[in-house]
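Each chain is listed here by its residues.
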Amino acid sequence: HLCWRLLVWVAAASLVLIDGRRVKQPRCPAGCTCTKDNALCEDVRSVPHAFPSDVLSLLFTANTFDIIDEDAFAGLPHLEYLFIENNRIASISPNAFRGLKALIHLSLAYNNLDTLPRDVFKGMDALNKVDLRGNNLICDCKLKWLVEWMHQTNATLDQIHCSGPPNYQGRKINDLLPHSFDCITTEFASYQPLKFESISVEAFTFVNEQYVVFAQPFAGTCSFLEWDHVEMTFRTYDTIESTSTVVCKPMVIDHNLFVIVAQLFGGSHIYKRDSSANKFIKIQDIDILKIRKPNDIETFMINGESFFVIADSSKAGSTTVYKWNGNGFYTHQSLHPWYRDTDVEYLEISNKPHLILSSSSQRPVVYQWNRSQKKFDRRTDIPDMEDVFSVKHFWVKGDLFICLTRFIGDSRVMRWDGAMFREVQTFPSRGSMVFQPVSVSNWQYAILGSDYSLTQVYQWDTKRGQFIPSQELNIQAPRSFSVVSVDDRVFLLASSFKGKSQIFEHHEIDLSD
């Protein structure tokens, strides 16, 4: 190919002589040989900037420069052929070829290129041939744009192969498709620090607006925040004054907002939002003989009926299910007493309602709803999992998984195999009080908090069927996480027991940009 190009150039030089007329030779940069329409450069250290403006063909070969700078060929509006071959080019600036609107043929063959800047061929509408052979192109997200361009352009490219990464090594770039690249990564970025400590957080929707509520045990309040659509921040909405508050659980029934307020002292209570008075009003006390030391609350619906369950962690209390009867909540079922339950999780297994109770005195216990009796019956426990503080579930493509939190030892992820939960993955978790799955759009995360180290965010890897490390968050003694979506944005709410609670925003980052 090089010999052919040299012959073309020599032939063009001969035409100048055959013409028989005296033609003033155009100025030519040092290291180059020029005719009326052509230029050949050898052994130059950079791309010269003094070519005749009417040159049609440029050939660079056996030169020592390794970069092509911005606007390297400015002032050559008529250039149609550009051959930069057998050089040491390792880097090309994004606008290196800007202004070459007449260029038909571009060869960058046999250089040291491992990537190309995005849209480097932008504006070259006349281009019909590109030669990239003999380079070491890495087919990663930085080169995804080239694959997209190859499927859109009318220009032809010689067959070129990937030099990496390992999963693409040796494959023809011409055969790749844009969707072959997984180029979207994510992060939770700090968005809004809050001024208070908290032990739990819940997000909820009421009258088409998004709210969050934090339980503040030291201040003794349920602090409600609402989204400000103008300022784009969460602002104070209302508070419920209480004592040693551990959970503020919102529950919407027939367009009415109820809040179950669990307290360590002074009993637990239920409040209702009075829209006419624009405040919360206490409507009911919860039986202090059953609920002595509440630790967690779950709300759920079965066959159109509304329930909530409170996990009680005292020696004398009993985890209890309550049901809405149209006027108030009444005791529906007390589960096991004396077991000091720390967490309760509602979920459906094989389309049947279940509860999983975590306890400091036994392995997690699974209860199943008895449809005829309309009560929960003990079904099984989760073997080899003592000292589980909490269990939270999530779904991936129809498969049910649970995250089990342990303060000492390894926290775990387990999968339901149709008969029992089996271990999928373990996580060292000294000092962990929360290991919570969080779903954002198509992304599945698990967030492992710690009282002694940074909070670890893991992201589900579909190919591996496991979580992989994603990022670390600086949250002191996290206890709970919740997600809220508003104005096409997604926020992660984090309660902190020993520091300031925080709000993070979820970002998707395209590595191919």
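It should be emphasised that the depicted structure is a prediction, and the values quoted were computed from it without experimental measurement.

Chemist: Tell me about the state of the cysteines, residues and numbers included.
Modeler: By the definition in use, this model includes five disulfides. Across the disulfide, Cys-139 is cross-linked to Cys-162 (sulfur-sulfur distance 2.0 Å). Here the S-S torsion is close to -95°, and the disulfide linking Cys-139 with Cys-162 is therefore left-handed. Of this pair, Cys-139 sits in the loop between β8 (129-131) and α2 (144-152) while Cys-162 sits in the loop between β9 (156-157) and β10 (184-193), placing them 23 residues apart in sequence.

Chemist: For the UniProt feature "domain: LRRCT" (unreviewed entry) in the protein chain, give the residues involved together with the corresponding values.
Modeler: According to UniProt, the "domain: LRRCT" (unreviewed entry) feature falls on residues 135-184. End C-alpha to end C-alpha, residues 135-184 measures 26 Å, and it is 18% helix and 6% strand.

Chemist: Please provide a residue-by-residue account of the packing of aromatic side chains, values included.
Modeler: Two descriptors summarise a pair of aromatic rings, namely the distance from one centre to the other and the angle between the planes of the rings. Scanning the entire structure with this criterion turns up 39 aromatic pairs. Their ring planes at 90° and their centres at 6.2 Å tell us that Phe-204 and Phe-224 sit as a pair that is edge-to-face. A residue pair is termed long-range when its members are at least 10 positions apart, and Phe-204 in strand β11 (residues 200-206) and Phe-224 in strand β13 (residues 221-228) qualify at 20 residues. By the ring-pair criterion, three or more aromatic residues cluster together here, those being Phe-394, Phe-401, Phe-427, Phe-435, Tyr-458, Trp-460 and Phe-467. The ring of Phe-280 carries Arg-273 above its face, with NZ or CZ at 4.7 Å from the centroid. Sitting above the plane of the Tyr-452 ring, Arg-430 keeps its charged end 4.5 Å from the centroid.

Chemist: Help me get a handle on the pattern of salt bridges, residues and values and all.
Modeler: One pass over the full model with this rule turns up 23 salt bridges. The shortest N-O distance in the salt bridge between Lys-129 and Asp-158 comes to 3.1 Å. Here the residue Lys-129 occupies a position in strand β8, and Asp-158 occupies one in the loop between β9 and β10, the gap between them amounting to 29 residues. Exposure remark for Asp-158: the relative accessible area of 22% places this residue in the partly exposed category. Arg-422 is the partner of Asp-417 in a salt bridge, and the nearest nitrogen-oxygen pair spans 2.4 Å. Classification of Asp-417 as partly exposed rests on a relative accessible area of 33%.

Chemist: Quick rundown of the side chain of Thr-319? Include the residues and the values.
Modeler: Relative to the assigned elements, Thr-319 resides in strand β21 (residues 318-324). Only 3.2 Å separates the side chain of Thr-319 from the backbone nitrogen of Asp-312, close enough to count as a polar contact.

Chemist: Any details on the sheet that holds β13? Residues and values, ideally.
Modeler: Ordered by their spatial adjacency, four strands build an open sheet running β11-β12-β13-β14, and the pairing between neighbours is antiparallel. Each edge of the open sheet carries a strand with a single partner, namely β11 and β14 (233-241). Pairwise comparison of adjacent strand axes, ignoring direction, gives a mean angle of 25° for this sheet. Judged from the seven bridges that link them, β11 and strand β12 (residues 209-216) form a sheet pairing that is antiparallel. Within β12, the residue paired with Val-201 across the bridge is Phe-214.

Chemist: So, the nonpolar core: which residues are in play, and what are the values?
Modeler: Counting residues in each nonpolar core, the largest one holds 52 residues, and the members touching the most others are Phe-73, Leu-82, Phe-97 and Phe-121. Counting residues per element, the ones that place at least two in this core are β1 (32-34), β2 (38-42), β3 (57-61), β5 (81-85) and α2. It is α2 that provides the largest number of residues to this core, a total of five residues. Look past the residues within four positions of Phe-97 in its chain and what remains in contact with it is Ile-68, Phe-73, Leu-82, Ile-84, Ile-92, Leu-106, Leu-108, Val-120 and Met-124.

Chemist: Now, about the sheet that holds strand β37 (residues 502-510): what can you tell me, with residues and values included?
Modeler: The four strands lie next to each other as β10-β37-β36-β35, forming an open sheet whose pairing is antiparallel. Every other strand in the sheet has two partners, leaving β10 and β35 (478-486) as the edge strands with one partner each. Looking at each pair of strands side by side, their axes are set apart by 30° on average, direction ignored. With nine bridges connecting them, β10 and β37 associate as antiparallel partners. Bridge pairing in β37 links Thr-185 to Ile-509.

Chemist: Account for α2, with residues named and values stated.
Modeler: Taken together, the buried positions of α2 are Lys-144, Trp-145, Leu-146, Val-147, Trp-149 and Met-150. Check the buried side of α2 and you find it contacts β8 and β9.

Chemist: Got a sec to walk through the pairing of β35? Specific residues and values, please.
Modeler: Across the nine residues of β35, seven count as buried, placing the element largely inside the fold. Direction of pairing for β35 relative to strand β36 (residues 489-496): antiparallel, over a ladder of eight bridges. Bridging across to β36, Pro-478 finds its partner in Ser-496. Connecting β35 to the next strand, β36, in antiparallel fashion are two residues, including Asp-487 with a positive phi near 50°.

Basis of the calculations
Residue indices begin from 1 for each chain and proceed along its sequence in written order. Since the coordinates come from a predicted model, pLDDT governs what is reported: local features require at least 70, and pairs of side-chain atoms require 80 or more to be given and counted, while whole-chain, interface and lining totals use all residues. To obtain the side-chain values, all non-hydrogen atoms of the structure were used and water was disregarded. Whenever a pair of cysteine sulfur atoms sits within 2.5 Å, that pair is classed as a disulfide. Working definition: helices are DSSP H or I runs of at least four residues, strands are E runs of at least two. Numbering for both runs from the N terminus. UniProt positions are given in the numbering used here, feature names are shortened, and annotations may be inferred rather than shown by experiment. Stacked, edge-to-face and tilted are the three classes for Phe, Tyr and Trp ring pairs, Trp counted by its six-membered ring, which pair at centre distances within 6.5 Å; planes under 30 degrees apart are stacked, over 60 edge-to-face, the rest tilted. Two conditions define a charge located above a ring, namely a distance within 6 Å from the ring centre to NZ of Lys or CZ of Arg, and an angle within 35 degrees of the ring normal. When a carboxyl oxygen of Asp or Glu lies within 4 Å of a side-chain nitrogen of Lys or Arg, that pair is called a salt bridge. Each residue gets one of three labels from its accessible area relative to the maximum for its type: buried under 20%, exposed over 50%, partly exposed in between, using a 1.4 Å probe on protein chains only. Contacts described as polar in this section are N or O atom pairs within 3.5 Å, which, within protein, must combine one atom able to donate a hydrogen with one able to accept it, while residues neighboring in sequence count only if both atoms come from side chains. Only strands joined by at least two bridges in the DSSP assignment are considered to pair. Structural elements are reduced to axes, namely lines fitted to C-alpha atoms, with helices fitted over the stretch in contact, and the angle between N-to-C directions of any two is expressed from 0 to 180 degrees. Take the buried Ala, Val, Leu, Ile, Met, Phe, Trp, Tyr and Cys residues and link them wherever side-chain atoms come within 4.5 Å; each set so joined is a nonpolar core. For this analysis, residues touch if any pair of their heavy atoms sits within 4.5 Å.

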